[in-house]
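An overview of the molecular structure
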Amino acid sequence: MTETSIIAQLATQFGAPGLLVGFMVWRELLQRADRKAEREEDMLIRKERAEADKALASSLSALTVTVQNMERK
């Protein structure tokens, strides 16, 4: 209901230009929300990638130590 009353207010008080400006503001708010969601998803992916890289580095380090110990024997 609130959206309808806002649209009605824009139309009655400001006419077509008010509706156009209202639409542009609404579209910008939606785009900002979409960009925020994309940034959050990107940050989650980066965190997961960093954790995977840490695990890989740890595994490679352990493998290197194992191979070096095998060469000494």
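Cut-offs used in this document
- Residues numbered from 1 in each chain as written.
- Predicted model: local features only at pLDDT ≥ 70, side-chain atom pairs only at ≥ 80, totals over all residues.
- Heavy atoms only, no water.
- Salt bridge = Lys/Arg side-chain N within 4 Å of Asp/Glu carboxyl O.
- Helix = DSSP H or I, 4+ residues; strand = E, 2+ residues; numbered from the N terminus.
- Buried < 20%, exposed > 50% of the residue type's maximum accessible area, 1.4 Å probe, protein only.

Pairing between side chains of opposite charge can happen when their charged atoms approach one another. The full count for this structure, using the stated rule, is five salt bridges. Its salt-bridge partner being Glu 28, residue Arg 32 comes within 3.3 Å of it at the nearest N-O pair. Here Arg 32 and its partner Glu 28 are both found in helix α1 (residues 2-72), four residues apart, which amounts to about one turn of the helix. When the shortest N-O distance is used, the salt bridge between Lys 54 and Glu 51 registers 3.7 Å. Here Glu 51 and Lys 54 lie together in helix α1, a separation of three residues that amounts to about one turn. The exposure classification of Lys 54 matches that of Glu 51, with both residues exposed. Here the residues in one salt-bridge network are Glu 28, Arg 32 and Arg 35, joined through shared partners.

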